[in-house]
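Chain residues, written in single-letter form:
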Amino acid sequence: MTAAITPPLLKIDNLRTYFYARSKHSFVRAVDGVSLEVGHSETVGVVGESGSGKSIAAMSVMGLISAGPGVIGGSIKFASHRVQKNLLEGLDKFVKVEEQHGRVMVVHKDDSGWQNASERIMGSLRGKEIAMIFQNPRASLNPYITVGEQLTEAIRLHTANKSPKESTERALYWLERVKIDSPRLRFDSYPSAMSGGMCQRAMIAMALSSEPSLLIADEPTTGLDATIQSKIVDLMEELKSETGISTLLISHDISVISRLADRVAVMYGGAVVEYGSAQLVLGEDASIKHPYTAALLASVPSEQKIRDKDNLQTIDGDVLDTINVPPGCRFFARCNQVTPEIKEKCATHHPDLREIAPGHQVRCWRFNG
Amino acid sequence: MKKYTQTSGEIGDFSQLPIWQKYALVDLLYVAYGLLIVALVLVSYVLGMFNLLPHDPQQINIELLMASPLSDGYLLGTDFLGRDILSRLIMGIQAYFLPGLLAISISLIVGVVLGVLSGYRGGRIETVIVYFTNLIDSFPRLVLILLVIAAFKPDIYYIMIVMGITGIPTVTTAIANKIRFLAQKSFIEAAIALGLRTRVIIMKHILWYNCRALLIIQATLGMGEAILLETSLSYLGFGVQEPVSSWGNMVQSGANYFLQGNFWPSTAPALAILFTILGFNLLGDGLNNILEDRRGR
């Protein structure tokens, strides 16, 4: 693997993003010690239930968290051909975390200092090196500006095509590339005149027009019809093989992840519980998986299950309340694979992410001893 | 009635439609009338500036007191001193045009700056700005103006500066609310993610594209209000003083002869006030509808 020689494109290490729940006087640990890697020309899928912190992790990478205290620690190393940077470089001096018994009690954060320093780092990267597409594409385009104008604005900002004629040509090229029909007509359309699928295509065109090194796709198919979803995935698959762009793909839809991702990270309760190649993580063999991944996969309706008229499996209980994180395994309360021997450990000690096979890590006591 | 048009086999392009098919007729009429009035005011202002008038507006003519319209080269007749009403009407625009512009510039510029600061920054700055706008709002405008007149002198520029300042809170609140509302929208977040500078997002994406209708409305309403204020103060004798003409003091001086049957010298400036203010307000209304409408297409 190239990752062994050159550093990976994106290396998130122990990222922590907390929010403050004023009514409960406590911290919501939206992202709590996430470590991830995205290699060059690789698509990493992040999957998990709503509230597992996957979108917040992506927003943290982009530096888009505005609620307090937000990102409080970790490192995000970005290394493209053009730029090598730690996106959180020197930001730790704006945060002081007081911990007791390994639990965060008080966070002092100089928000404006952090914001300014973060802007200085991210300002030149956003849109240029790291682009992002969002869920609900219609809301992500400014309703008062034509699609073409928004696209040319992005192109003029990030590429060498500065003249109106060049940037318009480039914009039309990208509209064509993302397979919007009659691009010349759509160029002058307002977003409200386009369907959700077309808006997402336009968003993808905007994101890719600057030829970024990393694309963060935050639930790119959410809010679209099923047929359009599959077409958007087709498009992303095609663009991925054509441009070889690295993607951090956030989705709760396992079918989307399985079609696009090379590697998969499964998140639960703000932490990665399983991380490995897509074949292993999403494969058939449940015995080498984290119980949460196994339960997630079992709850996806398959053709076989539908034919057999099997009841759809569910995971009992609710998503972890990240205000009161238990001392033990975060999935313990919902886990159906606890054996009497490890029960004690599961309840009291938080397992580490441990490599059980080359390139396959699982955070579960079943594999830890 | 809804109208659907298709130009050819392809789907038609809305932007290629002629303008009268794009927008509602009534809005276009409003705008057309408003623009006509604005053009008239502008032309008259320039004419007045260079003194290109049919007669000297302050030239008294004892032989022709209270001449009716269309007599002897006096298109709109003369007043109780035999002065040409048309020339005085044109000169009357000098009384409110620049001061009115000054008033709306003050309220728009200061209002937008404060609105952006309080809407985008929030925090302590916002609290200070809210106190400031509340403070201004708590004074009745007319009392403030009379205070200034009493303290300094009845100069129309002082009056309009006060008017501009008292207009700040409306603009500030409207802009701040709009920004606060828009800042949560995902398209602003997407614009940040696209790498656009905060300045560009505020100036272009928020102010220009999302607030221009609001600003145009405020500007045209403000101009209408400035005219009304200037004319009413001049009518009361606090604004522009005789012999310099203002539509307000023309109505006032003509009113003395109104019941004697010479209704014209006061009616002409009164109608001018009516149609001009109507023009500015309808212009704002029509432009607002047309600009807002584009989103819905």
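For clarity, every value in this text was computed on a predicted model and none was experimentally measured. (Residues numbered from 1 in each chain as written. Chains lettered and ligands numbered in written order. Predicted model: local features only at pLDDT ≥ 70, side-chain atom pairs only at ≥ 80, totals over all residues.)

As a further point, take the overall build of chain A. When its secondary structure is counted, chain A shows 13 helices and 14 strands. The C-alpha atoms of chain A give 21 Å as radius of gyration, which agrees with the globular expectation for 369 residues (21 Å, within 12%). With the C-alpha coordinates of chain A rotated into their principal frame, the extents come out at 70 × 60 × 45 Å. Out of the 369 residues belonging to chain A, those deemed buried represent 45%. (Helix = DSSP H or I, 4+ residues; strand = E, 2+ residues; numbered from the N terminus. Rg over C-alpha atoms; globule rule 2.2 N^0.38 Å. Buried ≥ 20, exposed ≤ 12 C-beta atoms within 10 Å, placed from the backbone.)

To continue, consider the overall build of chain B. If you tally the helices and strands in chain B, you get 10 helices and 0 strands. Going residue by residue from the N terminus, the α and β elements of chain B occur as α-α-α-α-α-α-α-α-α-α. Taken over the C-alpha atoms alone, chain B extends approximately 75 × 60 × 35 Å along its principal axes. Relative to its full complement of 297 residues, chain B shows a buried share of 39%.

Bringing the nonpolar core into the picture now. Judged by nonpolar contacts, the single largest core of 162 residues is most densely connected at Ala-202, Ile-216, Leu-248 and Val-266 of chain A. The greatest single-element share of this core, amounting to 15 residues, is contributed by helix α3 (residues 85-121) of chain B. Excluding anything up to four places from it in sequence, Val-266 of chain A contacts Val-47, Gly-48, Val-272, Val-273, Glu-274, Val-281, His-290, Tyr-292 and Thr-293 of chain A. (Core = buried A, V, L, I, M, F, W, Y, C linked by C-beta atoms within 7 Å. Contact = placed C-beta atoms within 7 Å.)

Residues and elements named next belong to chain B. Between α3 and helix α6 (residues 156-183), the shortest axis-to-axis distance is 6 Å and the interhelical angle comes to 30 degrees. Crossing of α3 against α6: the hand is right-handed. Classifying every residue of the contact of α3 with α6 by side-chain character gives 23 nonpolar, 9 polar and 1 charged. (Axes fitted to C-alpha atoms, helices over the stretch in contact; angles between N-to-C directions. Left-handed = near helix turned anticlockwise from the far one by under 90°. Nonpolar A, V, L, I, M, F, W, Y, C, P; charged D, E, K, R; others polar.)

Further remarks concern the sheet that holds strand β1 (residues 10-21) of chain A. Each strand in a sheet pairs with its neighbour through backbone hydrogen bonds, running either in the same direction (parallel) or in the opposite one (antiparallel). Residue and element names in this part refer to chain A. Reading across the sheet, the 4 strands line up as β2-β1-β4-β5 and stay open at both edges, with antiparallel pairing between neighbours. Every interior strand has two partners, whereas the edge strands, β2 (26-38) and β5 (84-86), have only one. Ignoring strand direction, the axes of neighbouring strands in this sheet form an average angle of 15 degrees. Relative to strand β4 (residues 69-79), β1 runs antiparallel, the two sharing 8 bridges. Bridging across to β4, Leu-10 finds its partner in Phe-78. (Pairing = 2+ DSSP bridges.)

This part covers the interface of chain B and chain A. Listed as interface residues are 22 residues of chain B and, on the opposing side, 25 residues of chain A. Sorting the residues of the side of chain B that touches chain A by element identifies α7 (186-193), α8 (198-236) and α10 (264-296) of chain B as the ones contributing at least two each. The element that contributes the greatest number of residues to the side of chain B that touches chain A is α7 of chain B, accounting for 7 residues. In terms of residue class, the side of chain B that touches chain A is built from 9 nonpolar, 6 polar and 7 charged.

Residues and elements named next belong to chain B. Turning to its location among the elements, Asn-51 is positioned in the loop between α2 (25-49) and α3. The exposure class assigned to Asn-51 is exposed, which follows from the 11 C-beta atoms found within 10 Å. When the C-alpha positions of Asn-51 and Met-91 are compared, they lie 8.5 Å apart, and in sequence the two are 40 residues distant.

Once that is clear, we can look at the environment of Leu-182 of chain B. All names here are of chain B. Along the chain, Leu-182 turns up in helix α6. With 20 C-beta atoms packed within 10 Å, Leu-182 lands in the buried category. Between the C-alpha atoms of Leu-182 and Ile-159, which are 23 residues apart in sequence, the distance is 35 Å. Contacts of Leu-182, omitting those with residues within four sequence positions, involve Ile-188, Ile-206 and Asn-210.

A separate point is the pairing of β1 of chain A. When β1 of chain A meets β2 of chain A, the two strands line up antiparallel, connected through 10 bridges. Residue pairing in the sheet places Lys-11 of chain A in a bridge with Glu-37 of chain A of β2 of chain A.

Helix length check: α8 of chain B (39 residues) gives 49 Å between terminal C-alpha atoms against 57 Å at 1.5 Å per residue, more than 12% under. Count one or two residues on from α8 of chain B and you reach Gly-237 of chain B, which has phi positive near 90 degrees. (Expected span 1.5 Å × (residues − 1).)

Okay, unusual backbone geometry next. Geometrically, the link from Glu-242 of chain B to Pro-243 of chain B is a cis peptide bond, its omega value of 5 degrees lying close to zero. Of note, Ser-41 of chain A is a non-glycine position whose phi angle comes to about 55 degrees, a positive value. Looking at the element boundaries, Ser-41 of chain A is found in the loop between β2 and β3 (43-47). The partly exposed category is assigned to Ser-41 of chain A, around which 16 C-beta atoms lie within 10 Å. For Ser-182 of chain A, which is not glycine, the phi torsion reads 40 degrees and is therefore positive. With respect to the secondary-structure elements, Ser-182 of chain A resides in the loop between α5 (164-177) and α6 (183-187).

All names here are of chain A. A sheet is described by the order of its strands in space; here 8 strands give the open sequence β8-β9-β10-β3-β11-β12-β14-β13, paired in mixed fashion. Sheet topology places β8 (130-133) and β13 (354-357) at the edges, where each strand pairs with a single neighbour. Within this sheet the neighbouring strands show an average axis-to-axis angle of 20 degrees, counted without direction. Two elements, strand β12 (residues 271-277) and strand β14 (residues 360-362), share 3 bridges in a ladder whose sense is antiparallel. Paired with Gly-276 across the two strands is His-360, which belongs to β14. The sheet contacts of helix α1 (residues 54-62) involve β3, β8, β9 (214-218), β10 (246-251) and β11 (263-268), and relative to β9 the element is tilted by about 145 degrees.

Turning our attention to the packing of α8 of chain B against helix α9 (residues 247-255) of chain B. Residue and element names in this part refer to chain B. Interhelical geometry of α8 versus α9 gives an angle of 40 degrees and a closest axis separation of 6 Å. In terms of their interaxial angle, α8 and α9 are classed as oblique. Considering how the two elements wind past one another, α8 and α9 form a crossing that is right-handed. The segment α8 lies against α9, with Glu-230, Thr-231, Ser-232, Leu-233, Ser-234 and Tyr-235 engaging Trp-247, Gly-248, Asn-249, Val-251 and Gln-252. Across the contact of α8 with α9, the residue classes tally to 4 nonpolar, 6 polar and 1 charged. (Parallel < 35°, antiparallel > 145°, perpendicular 65-115°, else oblique.)

Residue and element names in this part refer to chain A. Relative to the elements of secondary structure, Cys-364 occurs in the segment after β14. A tally of 24 C-beta atoms within 10 Å means that Cys-364 is categorised as buried. For the pair Cys-364 and Leu-175, spaced 189 residues apart in the sequence, the C-alpha separation amounts to 46 Å.

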